[in-house]
Amino acid sequence: MSQSLSDKSTLVVFSGDLDKAIASFIIGTGAAAMGKEVTMFFTFWGLNILRKENAEPVKKPFVEKMFGWILPKGPERLGISKLNMGGLGAKMMKGIMKKKNIVSLQELMELAKELDIKIVACTMSMDVLGITKEELIDGIEYAGVASYLADAEQSNINLFV
Amino acid sequence: MSQSLSDKSTLVVFSGDLDKAIASFIIGTGAAAMGKEVTMFFTFWGLNILRKENAEPVKKPFVEKMFGWILPKGPERLGISKLNMGGLGAKMMKGIMKKKNIVSLQELMELAKELDIKIVACTMSMDVLGITKEELIDGIEYAGVASYLADAEQSNINLFV
Amino acid sequence: MSQSLSDKSTLVVFSGDLDKAIASFIIGTGAAAMGKEVTMFFTFWGLNILRKENAEPVKKPFVEKMFGWILPKGPERLGISKLNMGGLGAKMMKGIMKKKNIVSLQELMELAKELDIKIVACTMSMDVLGITKEELIDGIEYAGVASYLADAEQSNINLFV
């Protein structure tokens, strides 16, 4: 705890929408680039952002299997929160971002790792949605709300996205 | 005001979705369990979380009556923000949480009371949505944005859900 | 930087929903009225709140023109996040607010200017959605995430709406 209060930032990423995921990682990587220690805590639908596209199928009960089928697997499959139009909106947004050389969500996630952002998957939400560690990307941590709160109380930028 | 800055946490609960309500109460009760003084300020659709399931009908103008019919009455009737599928998604989520012994929203709300979390209903939103005190659960406070801001400026964890 | 930490508040307005826009400006103007230095940073769909209703048409590529047609132009055209019912919900909410003498979003935005709230349009989002300065209201600033973070790290109330 030798760091001062303002050296930490924490984001709860509850949403699994592409646009909100991008906003979260732009804020997170921006803060890390400024020298802050950043924690991004992924909970509920936000876990979809951390899913591997091609994870080995995992044995689980039927309802959890159903959630697994319906929910998007990783950044490439996310929709946007408005005007998604069956995925067309997400495609349009990705197309424009590419054309204008704006970094994609995948690139932002790579950058987050390089900047040592602490990516945490909420274990309780994993339990509810029936998501296992094997289905999530590597190099992340697993914790509950107490861990989030411990980080948040030392942060001066705390956002819920 | 003898408390230090970090002893308080404040949440604005704007959303009336079951999943976001659960997330709010998990964060709120978690912070209270860590010894923090927690305020949860319910505004707009968040007021639905505080509605009694079987309140006596209250006389009010037609448009407000309509809002009263359409909007969900209390935690049992809330939908989830994604994949609600006419209530099926909410049922699936509640079913899984029960099976896994994860506390329900109703239990979290009971816990919040036991932990002395200050539950505040936003009076301006009550006015807009035509919700009266008789229709909300007991043991809560009523206040406006100035009261919220007074709590928020002393808190280091401030979230908008 | 002679100000103390608690003299600043910052809001990220990501949503372009009428109800969330109203909530943002009520919190923002409330904080400013309490003497705080407030920054409201409008990003993604939040930019719709800042669009002029009758801006001169601007030459732009087809996809961006499409976004321009679909997205609402300014506070009068915004929908609400729940029960919008093709605009009916937004009309009902505006009708009730008028009847009860609650300030409208337009009035809140005027008030924000009078209270010297710093309104910032996110330049990266403008780029993605193809929105130009000519299409946004006057008297605002243009900046990126670094500028937002610089304000946020000095603020004790930081919200993402």
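What counts as what
Residues numbered from 1 in each chain as written. Chains lettered and ligands numbered in written order. Predicted model: local features only at pLDDT ≥ 70, side-chain atom pairs only at ≥ 80, totals over all residues. Heavy atoms only, no water. Helix = DSSP H or I, 4+ residues; strand = E, 2+ residues; numbered from the N terminus. Rg over C-alpha atoms; globule rule 2.2 N^0.38 Å. Buried < 20%, exposed > 50% of the residue type's maximum accessible area, 1.4 Å probe, protein only. Areas by Shrake-Rupley, 256 points an atom, 1.4 Å probe, with all protein chains shown as cover. Lys, Arg positive; Asp, Glu negative; His and termini not counted. Charge placed at Lys NZ, Arg CZ, Asp CG, Glu CD. Contact = heavy atoms within 4.5 Å. Buried area = accessible area lost by both parts, 1.4 Å probe. Salt bridge = Lys/Arg side-chain N within 4 Å of Asp/Glu carboxyl O. Polar contact = N/O pair within 3.5 Å; in protein donor to acceptor, adjacent residues only side chain to side chain. Nonpolar A, V, L, I, M, F, W, Y, C, P; charged D, E, K, R; others polar. Phe/Tyr/Trp six-rings, centres within 6.5 Å; stacked < 30°, edge-to-face > 60°. Lys NZ or Arg CZ within 6 Å of the ring centre and 35° of its normal. Least-squares fit on C-alpha atoms with pLDDT ≥ 70 in both. 1 Å grid on protein atoms, 1.4 Å probe; cavity = no way out; pocket = protein on both sides within 12 Å on 5 of 7 lines; lining within 4 Å. Points joined across faces, edges and corners; volume = space filled by probe spheres on them. Pairing = 2+ DSSP bridges. Axes fitted to C-alpha atoms, helices over the stretch in contact; angles between N-to-C directions. Core = buried A, V, L, I, M, F, W, Y, C linked by side-chain atoms within 4.5 Å. Parallel < 35°, antiparallel > 145°, perpendicular 65-115°, else oblique. Left-handed = near helix turned anticlockwise from the far one by under 90°. Arc of directions from axis to C-beta.

- Chain A has the name Peroxiredoxin family protein in an unreviewed UniProt entry, where Hazenella coriacea is given as its organism.

1. Comments concerning the overall build of chain A
- Along the backbone of chain A there are 6 helices and 5 strands.
- In chain A, the succession of α and β elements from N to C terminus is β-α-β-α-α-α-β-α-β-α-β.
- Computed over C-alpha atoms, the radius of gyration of chain A comes to 16 Å, within 12% of the 15 Å expected from 2.2 N^0.38 for 161 residues, which places it in the range of a compact globule.
- When the 161 residues of chain A are sorted by exposure, 54% land in the buried category.
- Summed over all atoms, the accessible surface of chain A reaches about 6800 Å², with 54% contributed by carbon and sulfur.
- The average position of the 19 basic charges and that of the 19 acidic charges among the side chains of chain A differ by 8 Å.

2. Regarding the interface of chain C and chain B
- Between chain C and chain B, the contact holds 28 residues from the first and 26 residues from the second.
- For the pair chain C and chain B, the two sides together bury roughly 2500 Å², of which 76% comes from carbon and sulfur.
- Applying the counting rule to chain C against chain B returns 4 salt bridges.
- Linking Asp127 of chain B and Lys100 of chain C is a salt bridge whose minimum nitrogen-to-oxygen distance equals 3.4 Å.
- Counting the contacts that link chain C with chain B gives 8 residue pairs in polar contact (both at pLDDT 80 or more).
- Elements supplying a minimum of two residues to the side of chain C that touches chain B: α1 (18-33), α3 (88-99) and β5 (157-160) of chain C.
- Per-element accounting of the side of chain C that touches chain B gives the leading share, 8 residues, to α1 of chain C.
- Of the residues belonging to the side of chain C that touches chain B, the class tally is 17 nonpolar, 5 polar and 6 charged.

3. Concerning the interface of chain B and chain A
- Between chain B and chain A, the residue contacts involve 28 residues of the former and 27 residues of the latter.
- Across the interface of chain B and chain A, roughly 2500 Å² is buried in total on both sides, 76% from carbon and sulfur atoms.
- At the boundary of chain B and chain A, one finds 4 salt bridges.
- In this structure, the salt-bridge partner of Glu64 of chain A is Lys100 of chain B, at a minimum N-O distance of 2.9 Å.
- Listing elements by their share of the side of chain B that touches chain A, those giving two or more residues are α1 (18-33), α3 (88-99) and β5 (157-160) of chain B.

4. Focus: the packing of aromatic side chains
- Counted under the stated rule, the structure contains 15 aromatic pairs over all chains.
- Every member of this aromatic cluster is reached through a ring pair, and the members are Phe14, Phe44 and Phe160 of chain A.
- Lys133 of chain B extends its terminal NZ or CZ atom over the ring of Tyr142 of chain B, reaching a point 4.5 Å from the ring centre.

5. Regarding the relation of the copies chain C and chain B
- Mapping chain C onto chain B calls for a rotation angle of 120° and an axial translation of 0.0 Å; the resulting RMSD is 0.0 Å. Put plainly, the chains are arranged around a three-fold axis.
- The two copies present different faces, since only 11% of the interface residues in chain C are matched by interface residues at the equivalent positions in chain B.

6. A short note on the layout of surface pockets
- Taken as a whole, the largest pocket encloses approximately 440 Å³ of empty space.
- As for the largest pocket, its lining consists of 26 residues, and the residues nearest its centre are Lys20 of chain A, Lys20 of chain B together with Asp17, Lys20 and Ser81 of chain C.
- For the lining of the largest pocket, the class distribution of residues is 8 nonpolar, 9 polar and 9 charged.

7. So, the relation of the copies chain B and chain A
- Superposing chain B onto chain A takes a rotation of 120° plus a shift of 0.0 Å along the axis, which leaves an RMSD of 0.0 Å.
- When the interface residues of chain B are mapped onto chain A, a mere 11% of them again fall at the interface, so the copies present different faces.

8. Here's the deal with the sheet that holds strand β4 (residues 141-143) of chain C
All names here are of chain C.
- The sheet built from 5 strands is open, its strands ordered β4-β3-β2-β1-β5 with parallel pairing. Both outer strands of the open sheet, β4 and β5, are each paired with one neighbouring strand and no more. Neighbour to neighbour, the strand axes of the sheet diverge by 20° on average, direction disregarded.

9. What about the nonpolar core?
- In terms of nonpolar packing, the biggest core is built from 165 residues, with Phe25 of chain A, Phe25 of chain B together with Phe25 of chain C touching the most fellow members.
- Discounting chain neighbours no more than four positions away, the residues touching Phe25 of chain C are Gly30, Met40, Phe42, Ile49, Leu105, Leu108, Met109, Ala112 and Ile119 of chain C.

10. Some remarks on empty space enclosed by the protein
- Considering all chains together, one arrives at 2 cavities of 30 Å³ or more under this definition.
- Considered as a void within the structure, the largest cavity measures approximately 110 Å³ in volume.
- If you go around the largest cavity, the residues you meet are Phe14, Ser15, Lys20, Phe160 and Val161 of chain A, Lys20, Phe160 and Val161 of chain B together with Lys20, Phe160 and Val161 of chain C.
- Looking at the lining of the largest cavity residue by residue, the class counts come to 7 nonpolar, 1 polar and 3 charged.

11. Focus on the packing of α1 of chain C against helix α4 (residues 105-114) of chain C
Residue and element names in this part refer to chain C.
- Closest axis-to-axis distance for the α1/α4 pair is 10 Å, and the angle between their directions is 30°. What the angle tells us is that α1 and α4 run roughly parallel. The crossing of α1 and α4 is left-handed. Between α1 and α4, the residues in contact are Leu18, Ala21, Ile22, Phe25, Ile26 and Thr29 and Leu105, Leu108, Met109, Leu111 and Ala112, respectively.
- The residue inventory of the contact of α1 with α4, partitioned by class, reads 10 nonpolar, 1 polar and no charged.

12. Describing the side chain of Asn158 of chain B
- Mapped onto the elements, Asn158 of chain B comes out in strand β5.
- At a separation of 3.5 Å, a polar atom in the side chain of Asn158 of chain B contacts the side chain of Thr10 of chain B.
- Of note is the side chain of Asn158 of chain B, whose polar atom sits 3.1 Å from the backbone oxygen of Asn156 of chain C.
- When near neighbours in sequence (up to four residues on either side) are disregarded, Asn158 of chain B contacts Asn158 of chain A, Thr10 and Ala152 of chain B together with Asn156, Ile157, Asn158 and Leu159 of chain C.

13. Remarks on α4 of chain C
Residues and elements named next belong to chain C.
- What α4 keeps buried is the set Leu105, Leu108, Met109 and Ala112. One side of α4 holds all its buried residues, which, seen down the axis, span an arc of 100°.
- Close packing links the buried residues of α4 with α1.
- Asp116 sits one or two positions beyond α4 and adopts a positive phi of about 60°.

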